[in-house]
Amino acid sequence: MLCPAMRCHRLALGLGFCLLSGTALCLLCNMELRYKGEKPFQPVTQSLYPQPKLLEQRPTELLTLTPWLAPIVSEGTFSPELLQRIYEPLNLTIGLTVFAVGKYTRFVEHFLESAERFFMRGHRVHYYVFTNEPAAIPRVPLGPGRRLSVLLIQRHSRWEEISTRRMETISRHIAERAHREVDYIFCLDVDMVFRNPWGPETLGDLVAAIHPGYYAVPRQQFPYERRHTSTAFVADDEGDFYYGGAVFGGRVAKVYEFTRGCHMAILADKANGIMAAWQEESHLNRRFISYKPSKVLSPEYLWDDRKPQPPSLKLIRFSTLDKDTSWLRS
Amino acid sequence: MQAGLARVQGDPPAGPLLPQSEAGTAGHRQLVEKSRFCLGTDLRWPPPAGSGSSHPDGTDGLGPRQEPDLATQVGLALSLRSERCLQLLPGHLPPPTPLARGRLRGVMGPRSLWGRSASPRLCGLLLVAACLGFYSNVFSLIPGRRQIGESQSTEGGHLQGQAEVLPLSPDSHGGAPQGVLEETTTQWSERDCPPDTCRVPEVPRMVYPKAQLLKPGRTDVLVMTPWFAPVIWEGVFDSAILDAQFRNATIGLTVFAIKKYVVFLELFLRTAEKHFMLGHRVTYYVFTDRPSDVPRVPLGEGRRLVVLEVRSYSRWQDVSMRRMEVISAFSRRRFLREVDYLVCVDVDMAFRDRVGAEILAPLFGTLHPGFYAAARSAFTYERRPRSRAHIPADEGDFYYAGGFFGGSVAEVLRLASACQQAMAADRADGIEAVWHDESHLNRYLLYRKPAKVLSPEYLWDEHMLRRPPFLRKLRFVAVPKDHAAIRH
C-alpha cells in the first residue's frame, strides 16, 4: 500500500504536469489560431484601375456625401469594376421584395424581366413576390443563381390599407424566412422597371433613395406629415431629403428594425384614427430623420419618366411605368 | 474516511480564491502574475493591486465590450486554486523555520481539514476544471468572434419574442466556420463597429441647415473614393449630427513616447484636451519607457490617462516598427474591453483644430501631406518584391501616413497584427521596408480599403510644406524637432 503522502505527491505532480502542458498548448494554440484567424494580406483585388485624383474636378454636379458622411450614389462617383471585384468573392445573396396585389399583378412580368437584365448581375438574387393571386404571377425565365418565391398575402379593400400593410409583411417575412436566405434586401415598388445597371454600389447597412419630385426643393415644401397628432409628424425645420417609399433596403437586420419601427408607428396612428398624408412613405421619412441612412441613392435610382431628365442625372436606372393610377387603385 | 468525503461534497462551489493566510496572500499575488500566461485571458479577477490597469471610475465593460465568460473565469479560478493546492503540499514549501512553524500550521490547516483521501477526487475535479478553462480560452481566442457575438446579442434585444436569431453574417452559406466567414465578409463593411456606434443609431431632434443635392459642399477636392469611403475635409460634414451619432462611443488614443520623445507629451496632451473628441469619453494610452517623465496634464470630464510601460530599442526605426507589435498585444489584452475605437498617432505633433467623431469608422487612414498630389508611381511604397510590403508601380490609391490611423478595435487589431507579422517575416529575411511600418501600413490599406480617408488637414507639417488654398483648416500639425538630436 502506498504511503498516502506519496500517493498525493504523485497526483499533485501529475496535476502540475497536466496544467503545465495545458498552458503550453494554450500558448501554442494562441499563436496558431491567431495566424489562422487573421488572413494578413488577402489581395482581394489585384485590379488595375485609375488612381483616384484628389484635386481634380469631380465628374458629377450632385452632392456626393450627406452631412453625416453617408455616400450619395450617382453615376461617376464609383467604379463598377472595382466594386464588382470587391463584392464578388463575398458570395452575397440579395433579396428583392415586391407587392403585386389585385390589378398590380400585370406589372410583375416586365419588372422581373428588367430585373433579370439589370439588377445585381453576377450575384445571387432571391425575388419575393407578395400577392393575393399566386396564379396570376407569370413564370419568368431566371438566370443562374437567381430564384423566385411567390408568397400569399391577404387582400384588403382599400389600396391605402394594402400600402401600409407592407411594412408589417416585410418585417414578418424577414423574421420568419428572409434572414436565413439573404444578406441584403431591397423593397421596391412593382409598377416600375429597371433601365440600367443596379449593382453592389447600392449595398449598405440602411439604404434610402431620394424622391425624384423633391430633390431640388427646400424642406418646408416636402410633403411630410404635418399634423402633430400623427407619429409621422415632421416639423418645418427638420428633414434632410425627401426619400421615396418605392425604394429602400439594406442589411436584413437593419431593414427588419426599420420596417418594424415603421409598422409600430403606423399601428399607433391607426389607434388614433389617423392615416399619414402619404401612408407608409410619411412614416419612412419620419424614421429616416431619426435613423439616418448609411447610404443614399440619387434620383437615378428612383425616377419618374414623366419628368424631363436633368443634365445632373447621368444614368436613370429605375423608373416608373406610365400607368393609369386611378384605374389601378379601383 | 466517510466524514472526509462528506466534507468534500459539501464543499462550496468554485469562486474567487480567497487568501487564507499571510503566506497564502504572497502566493496569491504570485498567482496573479501567473494568470497572465494566456494573452487572451486577461481577467479583471483577481483585482490587480496597484498595477495601474484598473479604472478609477469603475466602468465595468459597459456596452459591447469583450467580457471573459463564466466558463473561462471558473476554469481559471479552479486552475489557480489547484496551483495553490500544489504549493500547499509539504514537498514544495521551504523547510519550516521555528518562527514560521506557527504560520505553516495555518497553511497546512485546509488540507488536513479536507482529509487525505479526498485529495485524489478533488485533484481530479480540478483537472477537469482546468481543461474546461483551457478549452473555453482556446475558443474565445478566435478573433472577431467575440465582437460578432456581442453585436448579435444587441440585435437580439430588439427581437424579443420575434425571431430566434438574426445573424449579421451569412451563416446559412456553406460550412465555413463562423470565424473564417466573418473574415471574408468584413472586408470593409460597417460590420466591425460596435452596434451602438454604427452609422444607424438614433439621433435626437436637431436643427441644422439642410444639405442641397445640387449644391455640393466642396467642389475643389475629392470627397469620396471610388469605394465609397468619404474623404474628410472641412465643409463636408456636420459635426453636430456626427457627435450625436457617436455619443456613446469611447475612443482610445495611443501614443508612443520613447526615450527623448517624452518631451512632446505635454503639448500633445494639452492640445488634445482642447480639440480631440470633445464631449466623448476618451482614454489616452501613453506607451513609454520613462513613466516618471509623463507630465501631469489636467484632463476634462470622462477622460483619463493610462501610462503603459514598454521597452525601448536603440534604433529609432525599430522603435517605430515595434509600435505595431505593442498595439496588437494591448488591443487583445485591454483595448477590446475598454474602448470602442482606437486612434494611433505620432507623439511629436499638436492639435490645432477640431478632430472629432467625423473620423470614426471601422478603419481609417490619413493622407500623407507630402503625396496628396503625386502620381501613384511617385509614392514611396516599398518596391522590392522580396519585401512583404511590396506594391507594384501600377497599383495604389493613396499614400497613407504612418502617423495617424485607426478604427474599431477589432480592425486595428487585425491591421497591427498583419503588419507585425509582415515585419517579422521581413526581418527573418534580412530586409527592412523603406519606410518601415508606414510601408507595411500602405500595403495593408491597399488591399483592405479603409472605410474613411482623412484629408491632409488631419496631418500637416507647416515647416516642410506650403499651405495650399484647399486646406481650409490645419487640425493636427507636426511640432518642429531636431531629428538628429532627438533620435540619438
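Since the model is a prediction, treat every value here as computed from it, not as a measurement.

S.K.: Looking at this structure, how should I read the pattern of salt bridges?
M.R.: Between side chains of opposite charge, pairing is possible as soon as their charged atoms come close. On inspection of all chains with the given rule, the structure shows 41 salt bridges over all chains. The partner of A:Arg286 in a salt bridge is A:Glu238, and the shortest N-O contact between them spans 3.4 Å. Placement of A:Arg286 in helix α6 (residues 280-290) and of A:Glu238 in the loop between β7 (206-210) and β8 (243-251) is noted, with a sequence separation of 48 residues between them. Salt-bridge contacts for B:Arg475 lead to B:Glu457; the nearest nitrogen and oxygen are separated by 2.9 Å. Of this pair, B:Arg475 sits in the loop between β9 (452-454) and β10 (476-478) while B:Glu457 sits in the loop between β9 and β10, and the two are 18 residues apart along the sequence. Taken individually, B:Arg475 and B:Glu457 each receive the classification buried, so the pair is uniform in this respect. Among the charged side chains, a salt-bridge network with shared partners connects B:Glu234, B:Asp353, B:Glu457, B:Lys473 and B:Arg475.

S.K.: Teacher, can you tell me more about the sheet that holds strand β3 (residues 281-288) of chain B here?
M.R.: Within a sheet, each strand pairs with its neighbour through backbone hydrogen bonds, oriented either parallel or antiparallel. Residues and elements named next belong to chain B. Taken together, eight strands build an open sheet; the order of strands is β1-β9-β7-β8-β5-β2-β3-β4 and the sheet is mixed. At either margin of the open sheet sits one strand with a lone partner, and together these are β1 (231-232) and β4 (303-309). Here β1 runs beside β9; their pairing, made up of two bridges, is parallel. Within the sheet, the bridge partner assigned to Val-231 lies in β9 and is Val-453. Sheet contacts for helix α11 (residues 409-429): β5 (341-345), β7 (363-367) and β8 (400-408); angle to β8, the most-contacted strand, approximately 140°.

S.K.: Please explain the environment of A:Arg147 as it appears in this structure.
M.R.: Along the chain, the position of A:Arg147 falls in strand β4 (residues 146-152). For A:Arg147 and A:Tyr128, which are 19 residues apart along the polypeptide, the C-alpha to C-alpha distance reads 8.7 Å.

S.K.: Got a minute to help me understand the UniProt feature "binding site: an alpha-L-fucosyl-(1->2)-beta-D-galactosyl derivative" (unreviewed entry) in chain A in this structure?
M.R.: Residues and elements named next belong to chain A. Those places that UniProt annotates as "binding site: an alpha-L-fucosyl-(1->2)-beta-D-galactosyl derivative" (unreviewed entry) correspond, in this numbering, to His-211, Glu-281 and Asp-304. By secondary structure assignment, the location of Glu-281 is in helix α6. When residues no more than four places from it in sequence are discounted, the contact partners of Glu-281 are His-211, Tyr-242, Tyr-243, Gly-244 and Gly-245. When you line up the elements, Asp-304 lands in the loop between β9 (295-297) and β10 (318-320).

S.K.: Could you clarify how one ought to interpret unusual backbone geometry in this entry?
M.R.: Excluding glycine, most residues fall at negative phi; most peptide bonds, likewise, are trans. Residue and element names in this part refer to chain A. The backbone of Asn-91 sits at a positive phi, close to 55°, despite the residue not being glycine. Tracing the backbone shows Asn-91 in the loop between α2 (80-87) and β2 (93-100). When its relative accessible area of 48% is taken as the criterion, Asn-91 is described as partly exposed. For Gln-279, which is not glycine, the phi dihedral falls at a positive 50°. Mapped onto the elements, Gln-279 comes out in the loop between α5 (252-271) and α6. Classification of Gln-279 as buried rests on a relative accessible area of 9%.

S.K.: Help me understand the state of the cysteines in this model?
M.R.: Should the sulfur atoms of two cysteines be covalently bonded, the bond is a disulfide. As enumerated under the stated definition, the model contains zero disulfides over all chains in all. Summary of cysteine pairing: A:Cys262 is not part of a disulfide, and the nearest cysteine sulfur, belonging to A:Cys187, is at 10 Å. The class of A:Cys262 is buried, set by a relative accessible area of 1%. For B:Cys419, which is in no disulfide, the shortest distance to another cysteine sulfur is to B:Cys344 and amounts to 11 Å. Residue classification places B:Cys419 among the buried residues on the basis of a relative accessible area of 0%.

S.K.: Help me understand the sheet that holds strand β3 (residues 124-131) of chain A in this model?
M.R.: Residues and elements named next belong to chain A. One open sheet accounts for eight strands, arranged β1-β9-β7-β8-β5-β2-β3-β4; its pairing is mixed. Only two strands of the sheet have a single neighbouring strand rather than two, namely β1 (72-73) and β4. Relative to β9, β1 is paired through two bridges, and the arrangement is parallel. Paired with Ile-72 across the strands is Val-296, a residue of β9.

S.K.: Would you take a moment to explain the confidence of the model for chain B for this structure?
M.R.: A low pLDDT score tells you not to read the predicted coordinates there in detail. All names here are of chain B. Averaged over chain B, the pLDDT score is 72; the fraction of residues at 70 or greater is 61%. Within chain B, helix α7 (residues 178-185) has the poorest average pLDDT of any element, 33, and β5 the best, 97. Every residue in residues 85-114 is under pLDDT 50, and counting partners more than four places away or in other chains gives 27 contacts. This stretch, residues 141-199, has a pLDDT under 50; its non-local contacts, to residues over four places away or in other chains, come to 128 contacts. Of the two predicted TM-score estimates for the complex, the pTM is 0.70 and the ipTM is 0.79.

S.K.: I'm lost on the packing of aromatic side chains in this one. Help?
M.R.: Centre-to-centre distance and the angle between the planes together describe a pair of aromatic rings. Under the definition given, this model contains 46 aromatic pairs over all chains. Look at A:Phe248 and A:Phe258: their rings are 5.9 Å apart centre to centre, the planes differ by 50°, and that puts the pair in the tilted class. With a gap of ten residues between them, A:Phe248 in strand β8 and A:Phe258 in helix α5 connect regions that are remote in the sequence. The same class applies to A:Phe248 as to A:Phe258, namely buried. Relative to B:Phe335, the ring of B:Phe287 has its centre 6.4 Å away and its plane inclined at 75°; by these criteria the two rings are edge-to-face. You can see B:Phe287 sitting in strand β3 and its partner B:Phe335 sitting in helix α10 (residues 316-338), a full 48 residues away along the chain. Pair check on accessibility: B:Phe287 and B:Phe335 agree, each one buried. An aromatic cluster is present here, built from A:Phe111, A:Phe119, A:Phe186, A:Phe194, A:Trp198, A:Tyr301 and A:Phe318 joined pairwise through their rings. Over the ring of B:Tyr208 we find A:Arg219; its NZ or CZ atom is 5.7 Å from the centre of that ring. Directly above the aromatic system of B:Phe330 lies the positively charged group of B:Arg333, at a separation of 4.9 Å from the ring centroid.

Criteria and thresholds
- Residues numbered from 1 in each chain as written.
- Chains lettered and ligands numbered in written order.
- Predicted model: local features only at pLDDT ≥ 70, side-chain atom pairs only at ≥ 80, totals over all residues.
- Heavy atoms only, no water.
- Salt bridge = Lys/Arg side-chain N within 4 Å of Asp/Glu carboxyl O.
- Helix = DSSP H or I, 4+ residues; strand = E, 2+ residues; numbered from the N terminus.
- Buried < 20%, exposed > 50% of the residue type's maximum accessible area, 1.4 Å probe, protein only.
- Pairing = 2+ DSSP bridges.
- Contact = heavy atoms within 4.5 Å.
- Axes fitted to C-alpha atoms, helices over the stretch in contact; angles between N-to-C directions.
- UniProt positions renumbered as here; feature names shortened; annotations may be inferred.
- Disulfide = S-S within 2.5 Å.
- pLDDT = per-residue confidence, 0-100.
- Phe/Tyr/Trp six-rings, centres within 6.5 Å; stacked < 30°, edge-to-face > 60°.
- Lys NZ or Arg CZ within 6 Å of the ring centre and 35° of its normal.

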